[in-house]
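Residue strings, one per chain:
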Amino acid sequence: MATVTKKKEIPRQPMPEQDPEDRVGNFDEVPYGFTEELATLEAQRCILCKNAKCVAACPVNIDIPGFVALIQQGKFLEAARRIKQDNALPAVCGRVCPQEEQCEGSCVIGIKHAPVAIGRLERFAADYERRMGAVTIPEIPPKTGKRVAVVGAGPAGLTVAGDMILKGHEVTVFEALQGPGGVLMYGIPEFRLPKEIVRAEVDYLKQLGVEFVMDYVVGRNSTIRELLDEEGYHTVFIGTGAGLPSFMEVPGENLIGVYSANEYLTRANLMKAYLFPEYDTPPIRRQRVAVIGGGNVAMDSARTALRLGGDVTVVYRRAREQMPARAEEVHHAEQEGVKFMLLNNPTRVVGDQHHRVVGMECIRMELGEPDDSGRRRPVAVKGSEFVMDLDTVIVAIGNKPNPLVPRTTPELKTTKWGTVVADAKTMATSIPGVFAGGDIVSGAATVILAMGQARLAARAMDAYLHGDSVANPAADSP
Amino acid sequence: MFEITKKREVAPNVHEIVIHAPAVAKKARPGQFIILMVDEKSERVPYTLCDWDREAGTVTLVVQEVGQSSRKLVLLRAGDQVAHLVGPLGVPLEIERFGTVALAAGCYGIGAILGIARAMKAAGNRVIAIVEADSHYLHYFRAELEAAADEFIQTTIDGSENIKGHSIDVVKRKLENGESLDRVIAVGCLFMMMLAGNVTKPFGVKTLVALNPIMLDGTGMCGACRVAVGEQTLFACVDGPFFDAHQVDWSELRDRRVAYSDDEIQAVARTDVAAPRRERAHARTA
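Residues numbered from 1 in each chain as written. Chains lettered and ligands numbered in written order. Predicted model: local features only at pLDDT ≥ 70, side-chain atom pairs only at ≥ 80, totals over all residues.

It is worth spelling out the overall build of chain A at this point. Counting its secondary structure elements, chain A contains 18 helices and 16 strands. Taking 478 residues into account, the globule formula puts the C-alpha radius of gyration at 23 Å, and chain A, at 23 Å, falls close to it. Referenced to the eigenvectors of the C-alpha coordinate spread, the extents of chain A come out at roughly 65 × 65 × 50 Å. The 478 residues of chain A split such that 53% are buried. Taking the contacts inside chain A whose residues are at least 6 apart along the sequence as the reference set, 69% of them involve residues at least 24 apart. (Helix = DSSP H or I, 4+ residues; strand = E, 2+ residues; numbered from the N terminus. Rg over C-alpha atoms; globule rule 2.2 N^0.38 Å. Buried ≥ 20, exposed ≤ 12 C-beta atoms within 10 Å, placed from the backbone. Contact = placed C-beta atoms within 7 Å.)

Structure follows, in structure tokens:
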């Protein structure tokens, strides 16, 4: 390996992974990750650009050439620490970021060859540090005496907590569910993001001094107002994430056997229904399953259903190129045997006399003119309806923002979609001292975008606590 | 962890459980519910808040053993702890001075109307509490409800004591006799609540029912608890639990309630304690 000198002669290194035939029978993680040798070899491919485009394309601006250079030198622990300067959750992001649209999508090597596998290298460094038990606690500046309340322990909340504790503030994270992690625990399946990794990242924050309060619903147990006025918090971050699932609004959607992806995945992931009956929550284990949607959540649902023994078809109204899911997830789903019915749109769910699903009527679509999103708009082909024989339909077409905080905080400005209005640069909401980020602001987006917004919010919250004025969207009505 | 401070069986297979949960007690209001996990491997199960004591920091639940999760809970004793308890959840019941309010209840609902009866009376209403049970020995909270309501009526389905029939039969008779009721609130099994809606509809009396479909997170995320009300699909956890009985699609709801019963039979079969398999529709828990 060391004999290879010309960087461009090294091909992009594939990551070893579980055989598709084996992995559909378990919930273990699919890719094994790079070995030290593979990581070093892959890192050699990077030319360490001075003005690196990958850094600019990263929502949290990780020093990518910096950490890749350290991997080149075999300084794996140093590489992990370099990443952690900008990203509190590298083991998570290395696994779930859409790198092809971000860092790797702008990699210079990628113009002529395959881009440097930045995501896999990030994952390697973080895993290496954890496996070596070498996670170190950075020096924390003297306490400022300021108290920060973080509402929701998902990716955005965890990021704010990590940033604010390192600035010397006291941080309390409130979470409604039984454990921290948010979508990382209830949404993303074990085979894509082992929960042990999420726990390790949360433990790191606890070691830094972040306090976690579980089973606590802000909006019910305390309002945002009460946190500020009565409970002694100086600033609040709202990261309450996704809320009620969207449905297709076709007849038959309340039939038994139609589930939101949120419910389906929460049962499997958070409640560990796949370990039933060791765990008490029963899984949804059915024979013929259709998953509606083309995003990561649809892929996660389809691959979960497959592992629970179903015959699974993804039904998506647009074409392959337009699927918003990460390329790797679609590839993995296909490898495992998920079928794809693209350019088909459900028109009706069919039930029997007991309100149980027995089928779903779809209509074929073709691509027409581009719509507002620039994607060619799918148009129904008249008279092409047909019925699929099914017992389960999983709807994975997105969520509305969680309604609890907006409904109990009348002075908080929201959009007509129920998302919280926040300044794009500071994430400040219409209430002074209250900031927001993640899906509660952007609707349904990715983990890393939530973390990017959280990073902005933390910066502005710190400034706010130091008495600086912060742009506030209350002044300019949308 | 949340400690059980008191537990007693108030009727056969009806357990009053008092749990120390100050953050919940502080904000609890009539009609709200909590979600409880007995241990880290348990289901998340919704239970109605029957009563609370802000000073002592406790909440009171009435629990019937109907499946794996409720069995785990009723097997605990005072001094034991449950892993998770979150609430108060759901929209509090509208409490105003309506005039005369009839509360009809059965099963766990007898406990559930206690807090409502007190609040309605405090708001200046004349409160009639009408409770039903299959037989006389299944009644409970007699003294508490008698003290909380202006008029207290017990029925038994088998006629073994007091009035024979359903609680809603009493409501019907009152309406037929020209008695004026400004609001009816029914809490109990699904069949009983559906009957309540059917009885009051011709009289045009606003009737609210507490719907408890299967829930998972209980905070407006999973969508498992959706119910068709009028033209809309609503979510019991954040829009409910109280809905207009005259608007609810009852047949759909009845089927949704038992959506997991086959799966749960597996769970029940694996414990050594014999479980009484009551009709699923009577289950408070999913």
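On we go from here.
On to the nonpolar core. Core analysis: the biggest nonpolar cluster contains 239 residues, and Val291 of chain A together with Leu103 of chain B have the highest contact counts within it. Ignoring sequence-local partners within four residues, the contact set of Leu103 of chain B consists of Ile113, Ile116, Ala117, Val127, Ile128, Ala129, Ile130 and Ile185 of chain B. (Core = buried A, V, L, I, M, F, W, Y, C linked by C-beta atoms within 7 Å.)

Residues and elements named next belong to chain A. Per the domain assignment, the segments of chain A are domain 1 (7-131), domain 2 (147-243 + 400-465) and domain 3 (247-397). When each unit is reduced to the centre of its C-alpha atoms, the spacing between domain 1 and domain 2 is 27 Å. Taken residue by residue, the interface counts 17 residues in domain 1 and 23 residues in domain 2. The element that contributes the greatest number of residues to the side of domain 1 that touches domain 2 is helix α6 (residues 90-96), accounting for five residues. Here the side of domain 1 that touches domain 2 is built from residues that sort into 12 nonpolar, no polar and five charged. (Domains from an automatic or database assignment. Nonpolar A, V, L, I, M, F, W, Y, C, P; charged D, E, K, R; others polar.)

To continue, consider the sheet that holds strand β13 (residues 183-187) of chain B. Adjacent strands of a sheet form backbone hydrogen bonds with each other and so pair up, either parallel or antiparallel. Residues and elements named next belong to chain B. Taken in spatial order, the seven strands of this open sheet run β12-β11-β10-β9-β13-β14-β17, and their pairing is mixed. Each edge of the sheet is formed by a strand with only one pairing partner; in this case those strands are β12 (163-164) and β17 (242-244). Bridge analysis of strand β9 (residues 100-106) against strand β10 (residues 126-133) gives seven bridges, and the strand direction is parallel. Considered in β10, the bridge of Gly106 is made with Glu132. The sheet contacts of helix α5 (residues 167-176) involve β9, β10, β11 (151-156), β12 and β13, and relative to β9 the element is tilted by about 155°. (Pairing = 2+ DSSP bridges. Axes fitted to C-alpha atoms, helices over the stretch in contact; angles between N-to-C directions.)

For the rest of this paragraph, the subject is the pairing of strand β14 (residues 207-210) of chain B. All names here are of chain B. Of the two faces of β14, the one lined by Thr207 and Val209 and the one lined by Leu208 and Ala210 are each fully buried. As paired strands, β13 and β14 are joined by three bridges and run parallel to one another. What sits directly across from Val184, in β14, is Thr207. Handedness of the crossover is the feature at issue here: the chain leaves β13, passes through helix α6 (residues 190-200), returns alongside β14, and the resulting connection is right-handed. Where β14 meets β17, three bridges bridge the pair, whose relative direction is antiparallel. Considered in β17, the bridge of Leu208 is made with Asp244. (Right-handed = clockwise from strand over helix to strand, strands pointing away.)

Next up on the list: the domain arrangement of chain B. Residue and element names in this part refer to chain B. Splitting chain B by domain gives domain 1 (2-90 + 262-275) and domain 2 (100-256). For domain 1 and domain 2, the distance between their C-alpha centres works out to 21 Å. Counting from both sides, the interface comprises 19 residues of domain 1 and, opposite them, 24 residues of domain 2. Elements supplying a minimum of two residues to the side of domain 1 that touches domain 2: β1 (2-11), β2 (14-20), β3 (33-37) and β4 (45-48). Tallied by class, the residues present in the side of domain 1 that touches domain 2 amount to 12 nonpolar, four polar and three charged.

Let's shift gears to the interface of chain A and chain B. Each partner contributes residues to the interface: chain A has 31 residues there, and chain B has 37 residues. Residue assignment for the side of chain A that touches chain B shows that the elements contributing at least two residues are β5 (242-245) and α13 (261-268) of chain A. Of the residues in the side of chain A that touches chain B, the class split is 14 nonpolar, 11 polar and six charged.

So, on to the packing of α5 of chain B against α6 of chain B. All names here are of chain B. Where α5 meets α6, the closest approach of the two axes is 9 Å, and the angle between their N-to-C directions is 10°. Between α5 and α6, the crossing angle belongs to the class labelled roughly parallel. For the pair α5 and α6, contact is made by Ile168, Val171 and Lys172 and by Met192, Leu195, Ala196, Val199 and Thr200, respectively. Grouping the amino acids of the contact of α5 with α6 by side-chain chemistry returns six nonpolar, one polar and one charged. (Parallel < 35°, antiparallel > 145°, perpendicular 65-115°, else oblique.)

With that out of the way, let us pick up the sheet that holds strand β4 (residues 235-238) of chain A. Residues and elements named next belong to chain A. Pairing in this open sheet of five strands is parallel, and the strands run β3-β2-β1-β4-β16 from one edge to the other. Each of the sheet's edge strands pairs with one partner strand only, and the pair in question is β3 (211-213) and β16 (434-436). Across the sheet, the mean angle separating the axes of adjacent strands is 20° when strand polarity is ignored. Helix α18 (residues 447-465) contacts β1 (147-151), β4 and β16 of the sheet and is inclined by roughly 165° relative to β4.

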